[in-house]
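# Structure assessment
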Amino acid sequence: MWETFGFEFVNFYLIPGLVLGCIYALGAIGITLTFSILRFANFAHGEVMMIGGYFTWTAMVLSNDLFGIPLHPIIAAIPAVMLAIALFILVDRYFYKPFRSAPAIRVVMASFGMMLVIRSFVQAVWGPNQLTFVPGIAKPNELVKNLTASVDMMILVPNKHFWIIAGTIVIMLALSWLLTKTKIGKGMRAVSDSPELAKVSGIDVEVIVKATWCVGGFCAVAAGVFLAMDLQMLETTMGFRMLLPMFAAAILGGIGRPFGAVVGGLVIGLAEELSVYPWLGDGSLISPGYKTGVAFTIMVIMLVVRPSGLFKGRLF
Amino acid sequence: MSKLTALEITNLHAGYGETEILKGINISVEPSQTVAIIGPNGAGKSTVIKSVLGLLNVISGSISMNGVDIVGIAPDKAVRQGISYVPQTHNVFPNLSVTENLEMGAWTRKYGIAERIDEMFDLFPDLKTKRNKIAGSLSGGQRQMVAMAKALMVEAKIMLLDEPTAGLSPKFQAQIFKTVKKINENGIPILLVEQNAKQALEIADKGYVLVDGANKVEGTGQDLINDRNVARMFLGSKD
Ligand SMILES: Nc1ncnc2c1ncn2[C@@H]1O[C@H](COP(=O)(O)OP(=O)(O)O)[C@@H](O)[C@H]1O
Ligand SMILES: [Mg+2]
């Protein structure tokens with residue numbers, strides 16, 4: 001049973017689906033928070049993911065070349081997170097804030113412009129070609145392999161996948177603590193519920209906006225670095241390609257529901273990978289070329305059938 | 001030494017954008033008073049309260065609190081100054097628990113938050129058992145109590161209530177009026193907008209009737225209840 005069915009399913013479809021789902025989930029958190037607290041769809045979100053990957057790569061290269069210290073991407077991501085947050089806050093201050101009281105479409109267009117600006121900037125600085133993020137072939141973790149093989153259920157997870165899944169779980173727990181136990185996190189939920197009431201409750205909404213960029217920036221860089229770790233390379237379009245599935249995840253979970261976005265991300269990641277599993281006969285269910293259509297299909301069906309998402313998010 | 005007027009609105013002209021809704025309003029609330037504003041729908045009652053909060057465009061006139069001019073103040077600063085405001089609608093955070101709603105009300109408060117929350121549960125005992133429920137799941141009456149308790153979490157120098165009994169059952173209405181009276185007896189001046197004019201005037205020291213953005217009649221609560229025009233227009237009396 002394991003040999004003929006389980007091995008292939010778990011190792012080549014389920015685990016990659018979970019890994020992809022984690023990446024979507026982290027990206028979708030920022031999208032759903034921006035959507036519910038600042039009330040606009042931020043098209044530049046994927047680019048911040050992408051530039052976070054480039055910042056991290058640069059930190060790794062500098063550390064290695066200047067000091068001879070190779071950094072794990074997760075360590076190198078720390079300065080990248082700070083830069084990405086600074087970028088988000090500066091962009092907000094000079095490009096989004098002036099449109100705060102204008103119709104939402106203006107700031108959406110501003111974010112669309114920002115998306116192009118950031119991508120061009122990255123192309124100008126780091127070049128238009130792919131960069132190797134982590135060289136070599138990712139070998140499965142020996143311990144997990146031997147342990148599972150001893151019970152005849154061999155699981156092959158490379159360390160990078162272990163880091164991505166564990167990292168996502170840690171970030172989820174931290175986010176949950178932030179949103180339910182801290183003053184600023186509760187304030188974020190309050191502004192998401194009603195910005196008008198938040199204002200007349202004495203909440204300084206601009207402080208909450210900054211906190212939102214911090215959380216969104218942190219999760220975006222985590223997503224970008226995890227994606228780069230998974231693909232082992234960087235390219236300037238990687239953020240843009242994640243945008244649709246991340247929006248789909250945010251909508252599936254319900255706008256303004258960070259944990260809905262996580263569920264949505266996992267569902268979409270799994271759906272994309274499992275849609276190419278040979279469920280019927282020998283060939284994959286749908287051709288891998290159409291994999292990206294899965295997120296789009298789920299998003300459209302959700303918008304038609306239940307626009308508030310699985311967890312009763314906001315309607316616009 | 002004479003006490004400063006808690007809230008003094010003088011010749012206020014205000015509106016939304018270019019449209020002038022209030023055309024010269026005069027209202028004053030003395031310390032320790034409960035003051036009621038009544039008037040038909042669309043008279044501008046909510047607009048008066050929103051002007052005090054800095055939520056809209058004041059064209060001319062003055063608004064002062066304990067002698068300090070507060071025209072054009074930002075809403076969060078107004079709250080910091082001690083204005084406790086219960087909006088007419090959308091006055092709780094539906095996805096936050098009752099306790100979290102109170103904590104958000106206490107955003108500007110530096111200390112004594114836990115004690116104040118306990119005081120609020122004494123004032124609104126119904127809320128105590130619901131403290132961990134999300135506000136959106138409560139009944140209309142209970143939500144109104146959350147809204148009032150949340151507003152009282154600030155160090156209130158005055159409380160502004162916009163139709164707190166609208167849409168509630170008579171039992172809840174009576175309870176809200178009783179609580180408003182109690183809050184006032186604890187030393188907080190109150191400006192109360194109401195559709196339930198008779199009950200509002202009964203607990204009010206002073207009442208104002210607004211029509212079409214201007215003062216129409218004013219007097220003590222009892223005077224207005226006895227005023228035949230007011231009675232005919234707002235109190236459902238037949239003669
Ligand atoms: N946000 C707004 N924008 C423009 N006009 C408004 C707005 N809110 C209320 N108005 C108008 O202002 C007038 C007074 O409204 P309001 O103060 O809410 O009346 P009341 O509370 O006495 O029922 C009404 O004519 C209403 O249409
Ligand atoms: Mg009103």
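Summary of the structure given here.

Reading guide: rules and limits
Residues numbered from 1 in each chain as written. Chains lettered and ligands numbered in written order. Predicted model: local features only at pLDDT ≥ 70, side-chain atom pairs only at ≥ 80, totals over all residues. Heavy atoms only, no water. Helix = DSSP H or I, 4+ residues; strand = E, 2+ residues; numbered from the N terminus. Rg over C-alpha atoms; globule rule 2.2 N^0.38 Å. Buried < 20%, exposed > 50% of the residue type's maximum accessible area, 1.4 Å probe, protein only. Contact = heavy atoms within 4.5 Å. Areas by Shrake-Rupley, 256 points an atom, 1.4 Å probe, with all protein chains shown as cover. Lys, Arg positive; Asp, Glu negative; His and termini not counted. Charge placed at Lys NZ, Arg CZ, Asp CG, Glu CD. Donors = N, O, S within 2.8 Å, 3.2 Å for Na, K, Ca; no water. Salt bridge = Lys/Arg side-chain N within 4 Å of Asp/Glu carboxyl O. Polar contact = N/O pair within 3.5 Å; in protein donor to acceptor, adjacent residues only side chain to side chain. Nonpolar A, V, L, I, M, F, W, Y, C, P; charged D, E, K, R; others polar. Near = heavy atom within 4 Å. Patch = residues over 30% accessible without salt bridge, like charges linked within 9 Å, V, L, I, M, F, W, Y side chains within 5 Å. Expected span 1.5 Å × (residues − 1). Axes fitted to C-alpha atoms, helices over the stretch in contact; angles between N-to-C directions. Parallel < 35°, antiparallel > 145°, perpendicular 65-115°, else oblique.

### Thoughts on the overall build of chain B
- Broken down by element type, chain B carries ten helices and ten strands.
- Here the C-alpha radius of gyration of chain B, 17 Å, is about what a compact globule of 239 residues would show, namely 18 Å.
- Each of the three principal axes of chain B carries a C-alpha extent, and together these read 45 × 40 × 40 Å.
- Per-residue burial for chain B yields a buried fraction of 54% across its 239 residues.
- Across chain B, every contact between residues at least 6 apart in sequence was considered, and the portion connecting residues at least 24 apart equals 66%.
- For chain B, the accessible area works out to roughly 10500 Å², and carbon and sulfur atoms hold 48% of it.
- Here chain B carries 26 positive and 25 negative side-chain charges, and the mean point of each set is 5 Å from the other.

### Regarding the overall build of chain A
- Counting secondary structure elements, chain A contains twelve helices and two strands.
- Put simply, chain A runs from its N terminus to its C terminus through helices and strands in the order α-α-α-α-β-α-α-α-α-α-β-α-α-α.
- Compactness check: chain A gives a C-alpha radius of gyration of 20 Å against a globular reference of 20 Å for 316 residues, within 12% of the reference.
- When its C-alpha atoms are laid out on the principal axes, chain A stretches across 60 × 55 × 35 Å.
- Put simply, 74% of the contacts in chain A that link residues at least 6 apart link residues at least 24 apart.
- Just so you have it, chain A exposes about 14400 Å², and 71% of that area is on carbon and sulfur atoms.
- Taken together, the 21 basic and 16 acidic charged side chains of chain A have centroids lying 14 Å from each other.

### Considerations on the coordination of the magnesium ion (ligand 2)
- In the first shell of the magnesium ion (ligand 2), the protein supplies S46 of chain B (OG) and Q88 of chain B (OE1), at 2.0 to 2.3 Å from the metal. Taken together, the positions of S46 of chain B in helix α1 (residues 45–53) and Q88 of chain B in the loop between β6 (83–86) and α3 (98–105) put the pair 42 residues apart, joining distant regions of the chain.

### What about the interface of chain B and chain A?
- With 22 residues of chain B at the interface, the matching set in chain A holds 19 residues.
- For the pair chain B and chain A, the interface holds two salt bridges.
- A salt bridge links E100 of chain B to R189 of chain A; the nearest nitrogen and oxygen atoms lie 2.8 Å apart.
- The tally of links from chain B across to chain A stands at seven residue pairs in polar contact (both at pLDDT 80 or more).
- Here the side of chain B that touches chain A is composed, by residue class, of twelve nonpolar, five polar and five charged.

### What to know about the site of ligand 1
All names here are of chain B.
- Surveying the vicinity of ligand 1 reveals the residues Y16, I21, P40, N41, G42, A43, G44, K45, S46 and T47.
- Within the backbone of G42, one N or O atom sits 2.8 Å away from an oxygen atom of ligand 1.
- Within the contact set of ligand 1, an oxygen atom lies 2.5 Å away from a side-chain nitrogen or oxygen of T47.
- Sort the elements by how many residues they give to the shell around ligand 1 and α1 lands first, with three residues.
- For the shell around ligand 1, the per-class residue count stands at four nonpolar, five polar and one charged.

### Examining a nonpolar patch on the surface
Residues and elements named next belong to chain A.
- The grouping of L244, F296, V300, I301, V304 and V305 at the surface amounts to a nonpolar patch, some 560 Å² of accessible area in total.
- By residue number, the principal contributor to the nonpolar patch is helix α12 (residues 291–305), which donates five residues.
- Secondary-structure assignment places V300 in helix α12.
- Using a relative accessible area of 36% as the deciding quantity, one classes V300 as partly exposed.

### Brief notes about helix α9 (residues 205–231) of chain A
Residues and elements named next belong to chain A.
- When the terminal C-alpha atoms of α9 are compared, their 38 Å separation across 27 residues agrees well with the 39 Å that a helix rising 1.5 Å per residue should span.
- Burial runs high along α9: 20 of the 27 residues are buried.
- Downstream of α9 by one or two residues, Q232 has phi in the positive range, about 65 degrees.

### Some points on the environment of A43 of chain B
- Mapped onto the secondary structure, A43 of chain B falls in the loop between β3 (34–38) and α1.
- Excluding anything up to four places from it in sequence, A43 of chain B contacts L210, V211, D212 and G213 of chain B.

### Remarks on the packing of helix α7 (residues 183–193) of chain A against α9 of chain A
Residue and element names in this part refer to chain A.
- Contact geometry for α7 and α9: axes closest at 10 Å, N-to-C directions at 105 degrees. By the angle class used here, α7 and α9 are roughly perpendicular. Between α7 and α9, the residues in contact are I184, G187, M188 and V191 and V205, V207, I208, A211, T212 and V215, respectively.
- Each residue belonging to the contact of α7 with α9 can be placed in one class, and the counts come to eight nonpolar, two polar and no charged.

### Points about the side chain of H45 of chain A
- For H45 of chain A, the location among the structural elements is in helix α2 (residues 45–67).
- With relative accessibility at 0%, the residue H45 of chain A sits in the buried group.

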